[in-house]
Amino acid sequence: MGISIQNVSKRFGDFVAVDSVSFEVQTGELVALLGPSGCGKSTLLRVIAGLETPDTGEVIFNGVNMNAMSARQRRVGFVFQHYALFKHMTAEQNIAFALNVQKKSKKEIADRVGNLIDLVKMRGYAGHYPSQLSGGQRQRVALARALAAEPAMLLLDEPFAALDLKVRESLVGWLRNMHDKLNVTSIFVTHDQNEAMEISDKIIVINKGRVEQIGAARDVYEEPSNKFVASFIG
(Lines give C-alpha, C1' and ligand atoms only; values in the text may rest on other atoms or scores of the structure.)
Protein backbone atom coordinates (compact mmCIF):
# COMPACT_ATOMS: atom_id res chain seq x y z
CA MET A 1 0.00 0.00 0.00
CA GLY A 2 1.32 3.44 -0.95
CA ILE A 3 0.83 6.33 1.49
CA SER A 4 0.67 10.05 0.73
CA ILE A 5 0.67 12.62 3.52
CA GLN A 6 -0.34 16.04 2.20
CA ASN A 7 0.02 19.22 4.27
CA VAL A 8 -1.08 17.52 7.51
CA SER A 9 -1.25 19.65 10.66
CA LYS A 10 -2.38 18.80 14.19
CA ARG A 11 -2.76 21.12 17.17
CA PHE A 12 -3.43 20.46 20.84
CA GLY A 13 -4.66 23.81 22.17
CA ASP A 14 -1.94 26.33 21.38
CA PHE A 15 0.69 23.64 20.81
CA VAL A 16 1.39 22.75 17.18
CA ALA A 17 2.40 19.07 17.23
CA VAL A 18 2.47 18.56 13.44
CA ASP A 19 2.98 21.55 11.16
CA SER A 20 2.05 21.18 7.48
CA VAL A 21 3.85 17.87 6.90
CA SER A 22 3.99 16.19 3.48
CA PHE A 23 5.75 13.03 2.31
CA GLU A 24 5.26 9.82 0.34
CA VAL A 25 5.80 6.18 1.32
CA GLN A 26 6.00 3.67 -1.52
CA THR A 27 4.43 0.23 -1.34
CA GLY A 28 6.69 -2.17 0.57
CA GLU A 29 9.00 0.52 1.97
CA LEU A 30 10.25 0.56 5.55
CA VAL A 31 10.39 4.24 6.51
CA ALA A 32 11.71 5.81 9.72
CA LEU A 33 10.24 8.95 11.28
CA LEU A 34 13.33 10.20 13.11
CA GLY A 35 13.57 13.10 15.52
CA PRO A 36 14.01 14.18 19.15
CA SER A 37 11.40 13.53 21.82
CA GLY A 38 8.38 15.82 21.53
CA CYS A 39 8.94 16.68 17.88
CA GLY A 40 5.55 15.37 16.72
CA LYS A 41 6.53 12.07 15.14
CA SER A 42 4.27 9.89 17.33
CA THR A 43 1.34 12.25 16.80
CA LEU A 44 1.91 12.02 13.06
CA LEU A 45 1.92 8.23 13.27
CA ARG A 46 -1.37 8.30 15.17
CA VAL A 47 -2.88 10.57 12.50
CA ILE A 48 -1.85 8.07 9.83
CA ALA A 49 -3.38 5.23 11.87
CA GLY A 50 -6.67 7.09 12.34
CA LEU A 51 -6.21 7.41 16.11
CA GLU A 52 -6.03 11.21 15.76
CA THR A 53 -7.86 13.46 13.29
CA PRO A 54 -5.75 16.03 11.42
CA ASP A 55 -6.80 19.68 11.67
CA THR A 56 -5.72 20.27 8.08
CA GLY A 57 -4.39 18.18 5.21
CA GLU A 58 -5.06 14.71 3.86
CA VAL A 59 -3.98 11.15 4.61
CA ILE A 60 -4.19 9.14 1.39
CA PHE A 61 -3.83 5.37 0.96
CA ASN A 62 -3.51 4.11 -2.60
CA GLY A 63 -5.09 7.28 -3.94
CA VAL A 64 -8.05 7.21 -1.49
CA ASN A 65 -8.57 9.99 1.10
CA MET A 66 -8.75 8.27 4.51
CA ASN A 67 -9.53 11.29 6.72
CA ALA A 68 -13.08 10.13 7.44
CA MET A 69 -12.11 6.45 7.86
CA SER A 70 -11.70 4.82 11.27
CA ALA A 71 -8.55 2.99 12.33
CA ARG A 72 -10.27 -0.35 11.74
CA GLN A 73 -11.33 0.67 8.22
CA ARG A 74 -7.75 1.63 7.41
CA ARG A 75 -6.49 -1.94 8.03
CA VAL A 76 -3.51 -0.75 10.02
CA GLY A 77 -1.39 -2.83 12.39
CA PHE A 78 -0.10 -0.68 15.26
CA VAL A 79 2.70 -1.62 17.67
CA PHE A 80 3.10 0.59 20.74
CA GLN A 81 6.23 1.24 22.78
CA HIS A 82 4.89 -0.47 25.92
CA TYR A 83 3.61 -3.74 24.46
CA ALA A 84 -0.10 -3.20 25.32
CA LEU A 85 -0.70 -6.95 25.61
CA PHE A 86 -3.73 -8.37 27.40
CA LYS A 87 -2.28 -9.54 30.73
CA HIS A 88 -4.93 -12.22 31.28
CA MET A 89 -4.26 -13.85 27.89
CA THR A 90 -1.40 -16.11 26.84
CA ALA A 91 0.88 -15.16 23.96
CA GLU A 92 -1.17 -17.40 21.69
CA GLN A 93 -4.46 -15.86 22.82
CA ASN A 94 -3.12 -12.33 22.38
CA ILE A 95 -2.11 -13.08 18.80
CA ALA A 96 -5.49 -14.70 18.07
CA PHE A 97 -7.53 -11.81 19.49
CA ALA A 98 -8.19 -9.93 16.23
CA LEU A 99 -8.96 -13.16 14.40
CA ASN A 100 -11.55 -14.10 17.02
CA VAL A 101 -13.14 -10.66 16.66
CA GLN A 102 -13.34 -11.29 12.91
CA LYS A 103 -15.01 -14.64 13.67
CA LYS A 104 -12.52 -16.68 11.69
CA SER A 105 -12.81 -20.47 11.83
CA LYS A 106 -10.90 -22.35 14.53
CA LYS A 107 -8.66 -23.97 11.93
CA GLU A 108 -7.90 -20.67 10.23
CA ILE A 109 -7.05 -19.08 13.58
CA ALA A 110 -4.84 -22.00 14.62
CA ASP A 111 -2.98 -21.97 11.30
CA ARG A 112 -2.47 -18.21 11.29
CA VAL A 113 -1.36 -18.05 14.93
CA GLY A 114 1.03 -20.97 14.43
CA ASN A 115 2.62 -19.28 11.41
CA LEU A 116 3.02 -16.01 13.29
CA ILE A 117 4.54 -17.68 16.33
CA ASP A 118 7.14 -19.22 14.04
CA LEU A 119 7.67 -15.89 12.25
CA VAL A 120 8.45 -14.03 15.47
CA LYS A 121 10.47 -16.94 16.83
CA MET A 122 8.25 -17.61 19.85
CA ARG A 123 7.74 -21.36 19.44
CA GLY A 124 7.67 -22.87 22.92
CA TYR A 125 6.29 -19.71 24.51
CA ALA A 126 2.75 -19.75 23.09
CA GLY A 127 1.21 -20.74 26.44
CA HIS A 128 3.10 -18.14 28.47
CA TYR A 129 1.42 -15.06 29.90
CA PRO A 130 3.00 -11.60 29.38
CA SER A 131 4.33 -11.59 32.96
CA GLN A 132 6.29 -14.75 32.13
CA LEU A 133 7.98 -13.22 29.08
CA SER A 134 10.95 -10.89 28.73
CA GLY A 135 10.51 -7.40 27.29
CA GLY A 136 11.84 -8.49 23.91
CA GLN A 137 9.54 -11.51 23.83
CA ARG A 138 6.52 -9.38 24.74
CA GLN A 139 7.30 -6.97 21.92
CA ARG A 140 7.53 -9.88 19.47
CA VAL A 141 4.10 -11.05 20.60
CA ALA A 142 2.76 -7.51 20.17
CA LEU A 143 4.16 -7.46 16.65
CA ALA A 144 2.61 -10.84 15.83
CA ARG A 145 -0.74 -9.61 17.19
CA ALA A 146 -0.54 -6.53 14.95
CA LEU A 147 0.14 -8.77 11.94
CA ALA A 148 -2.57 -11.34 12.70
CA ALA A 149 -5.35 -9.55 10.82
CA GLU A 150 -3.07 -9.13 7.76
CA PRO A 151 -2.93 -5.31 7.86
CA ALA A 152 -2.30 -3.29 4.74
CA MET A 153 0.45 -1.45 6.62
CA LEU A 154 2.41 -1.70 9.85
CA LEU A 155 2.98 1.30 12.11
CA LEU A 156 5.46 1.05 14.99
CA ASP A 157 5.79 3.73 17.67
CA GLU A 158 9.27 3.46 19.25
CA PRO A 159 8.80 -0.33 19.42
CA PHE A 160 12.17 -1.05 21.05
CA ALA A 161 12.69 2.07 23.19
CA ALA A 162 11.75 0.33 26.45
CA LEU A 163 14.27 -2.50 25.92
CA ASP A 164 17.89 -2.63 26.98
CA LEU A 165 20.56 -1.95 24.37
CA LYS A 166 21.60 -5.53 23.65
CA VAL A 167 18.02 -6.75 23.16
CA ARG A 168 17.16 -3.66 21.11
CA GLU A 169 20.08 -4.21 18.75
CA SER A 170 19.11 -7.83 18.13
CA LEU A 171 15.44 -6.99 17.49
CA VAL A 172 16.26 -4.15 15.08
CA GLY A 173 17.98 -6.54 12.68
CA TRP A 174 15.22 -9.10 13.19
CA LEU A 175 12.57 -6.50 12.29
CA ARG A 176 14.35 -5.71 9.03
CA ASN A 177 14.52 -9.39 8.08
CA MET A 178 10.88 -9.91 8.96
CA HIS A 179 9.84 -6.88 6.93
CA ASP A 180 11.69 -8.22 3.89
CA LYS A 181 9.85 -11.54 4.20
CA LEU A 182 6.41 -9.92 4.49
CA ASN A 183 6.97 -6.92 2.18
CA VAL A 184 4.34 -4.92 4.12
CA THR A 185 4.51 -1.13 3.95
CA SER A 186 5.90 -0.03 7.32
CA ILE A 187 6.54 3.24 9.16
CA PHE A 188 8.35 3.28 12.48
CA VAL A 189 9.02 6.12 14.90
CA THR A 190 12.42 6.38 16.58
CA HIS A 191 14.72 8.93 18.19
CA ASP A 192 17.70 6.58 17.70
CA GLN A 193 19.78 7.60 14.68
CA ASN A 194 21.63 4.28 14.49
CA GLU A 195 18.36 2.35 14.58
CA ALA A 196 16.91 4.42 11.73
CA MET A 197 20.02 4.13 9.60
CA GLU A 198 20.44 0.41 10.12
CA ILE A 199 17.08 -0.81 8.89
CA SER A 200 15.12 1.88 7.02
CA ASP A 201 14.79 2.33 3.26
CA LYS A 202 14.12 6.02 3.81
CA ILE A 203 14.45 8.44 6.72
CA ILE A 204 12.14 11.39 7.37
CA VAL A 205 13.82 13.75 9.85
CA ILE A 206 11.33 15.75 11.91
CA ASN A 207 11.87 18.68 14.27
CA LYS A 208 9.26 20.84 16.02
CA GLY A 209 6.48 19.30 13.95
CA ARG A 210 8.07 19.96 10.57
CA VAL A 211 9.97 17.82 8.07
CA GLU A 212 13.63 18.84 7.92
CA GLN A 213 14.87 16.29 5.38
CA ILE A 214 13.78 13.16 3.52
CA GLY A 215 16.21 10.70 2.01
CA ALA A 216 18.07 7.40 2.18
CA ALA A 217 20.25 6.89 5.27
CA ARG A 218 23.50 7.54 3.39
CA ASP A 219 22.14 10.75 1.82
CA VAL A 220 20.88 12.13 5.13
CA TYR A 221 24.18 11.28 6.83
CA GLU A 222 26.52 12.54 4.10
CA GLU A 223 24.49 15.50 2.85
CA PRO A 224 22.41 16.94 5.70
CA SER A 225 20.09 19.70 4.50
CA ASN A 226 20.69 22.05 7.46
CA LYS A 227 22.46 22.46 10.81
CA PHE A 228 19.76 20.69 12.78
CA VAL A 229 19.99 17.52 10.68
CA ALA A 230 23.79 17.62 10.77
CA SER A 231 23.89 17.91 14.56
CA PHE A 232 21.10 15.41 15.22
CA ILE A 233 22.46 12.75 12.87
CA GLY A 234 25.97 13.37 14.13
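Residues numbered from 1 in each chain as written. Predicted model: local features only at pLDDT ≥ 70, side-chain atom pairs only at ≥ 80, totals over all residues. Heavy atoms only, no water.

(A) Inspection of the side chain of His-179 at higher detail. Within the secondary structure, His-179 sits in helix H5 (residues 165-182). Ignoring sequence-local partners within four residues, the contact set of His-179 consists of Gly-28, Glu-29, Leu-30, Val-184, Ser-186 and Asp-201. (Helix = DSSP H or I, 4+ residues; strand = E, 2+ residues; numbered from the N terminus. Contact = heavy atoms within 4.5 Å.)

(B) Examining the sheet that holds strand E6 (residues 76-79) more closely. If you walk across this open sheet you meet the six strands as E6-E7-E8-E3-E9-E10, and the pairing is mixed. Taken across any chain shown, the strands that pair with only one partner, and hence form the sheet edges, are E6 and strand E10 (210-215). Neighbouring strand axes in the sheet, compared pairwise and without regard to direction, differ in orientation by 15° on average. As judged from the five bridges shared by strand E3 (residues 30-34) and strand E8 (residues 185-190), these two strands associate in the parallel manner. Following the sheet pairing, Leu-30 is matched in E8 by Ser-186. Helix H1 (residues 41-49) contacts E3, E6, strand E7 (153-157), E8 and strand E9 (202-207) of the sheet and is inclined by roughly 155° relative to E7. (Pairing = 2+ DSSP bridges. Axes fitted to C-alpha atoms, helices over the stretch in contact; angles between N-to-C directions.)

(C) Structural detail: the environment of Gln-102. Summarising the element assignment, Gln-102 is placed in the loop between helix H2 (91-101) and helix H3 (106-119). Separated by 47 residues in the primary sequence, Gln-102 and Ala-149 place their C-alpha atoms 8.4 Å from one another.

(D) Examining the environment of Thr-90 more closely. Mapped onto the secondary structure, Thr-90 falls in the loop between E6 and H2. For Thr-90, a relative accessible area of 9% corresponds to the buried category. Residues Thr-90 and Ser-131, spaced 41 residues apart in sequence, show a C-alpha to C-alpha distance of 9.5 Å. Not counting the four nearest positions on each side in its chain, Thr-90 is found in contact with Ala-126, Gly-127, His-128 and Tyr-129. (Buried < 20%, exposed > 50% of the residue type's maximum accessible area, 1.4 Å probe, protein only.)

(E) Structural view of the pattern of salt bridges. A full pass over the atoms with the stated rule returns nine salt bridges. Of the charged contacts, one joins Arg-210 and Asp-19 as a salt bridge, the two residues approaching to 3.1 Å between their closest N and O atoms. Residue Arg-210 is found in strand E10, and its partner Asp-19 is found in strand E2 (residues 15-25); the two are separated by 191 residues along the sequence. Under the relative-accessibility criterion, Asp-19 is labelled partly exposed at 26%. In this structure, the salt-bridge partner of Arg-176 is Asp-180, at a minimum N-O distance of 2.7 Å. (Salt bridge = Lys/Arg side-chain N within 4 Å of Asp/Glu carboxyl O.)

(F) Representation of unusual backbone geometry in the model. In this model, Glu-150 sits at a positive phi of 50°, which is unusual for a non-glycine residue. Inspection of the secondary structure puts Glu-150 in the loop between helix H4 (135-148) and E7. For Asn-183, which is not glycine, the phi dihedral falls at a positive 55°. Mapped onto the fold, Asn-183 is located in the loop between H5 and E8.

(G) Examining the packing of aromatic side chains more closely. Going through the model one piece at a time under the given rule, you end up with three aromatic pairs. Over the ring of Phe-86 we find Arg-145, and its NZ or CZ is 5.0 Å from the ring centre. (Phe/Tyr/Trp six-rings, centres within 6.5 Å; stacked < 30°, edge-to-face > 60°. Lys NZ or Arg CZ within 6 Å of the ring centre and 35° of its normal.)

(H) Spatial organisation of H2. For H2, every residue scored as buried is listed here: Ala-91, Asn-94, Ile-95, Ala-96 and Leu-99. Looking at the buried positions of H2, the neighbouring elements they touch are H3 and H4. Just past H2, the residue Lys-103 takes up positive phi, approximately 60°.

(I) Local environment of the nonpolar core. Core analysis: the largest hydrophobic core is formed by 46 residues, its most contacted members being Ile-95, Leu-143, Leu-154, Leu-175, Met-178 and Ile-203. Sorting elements by how many residues they give to this core places H4 first, with seven residues. With residues up to four places along the chain from it excluded, the contact list for Leu-175 reads Leu-143, Leu-156, Phe-160 and Ile-199. One finds Val-8, Ala-17, Phe-23 and Phe-61 within the second-largest nonpolar core, a separate group that totals 29 residues. (Core = buried A, V, L, I, M, F, W, Y, C linked by side-chain atoms within 4.5 Å.)

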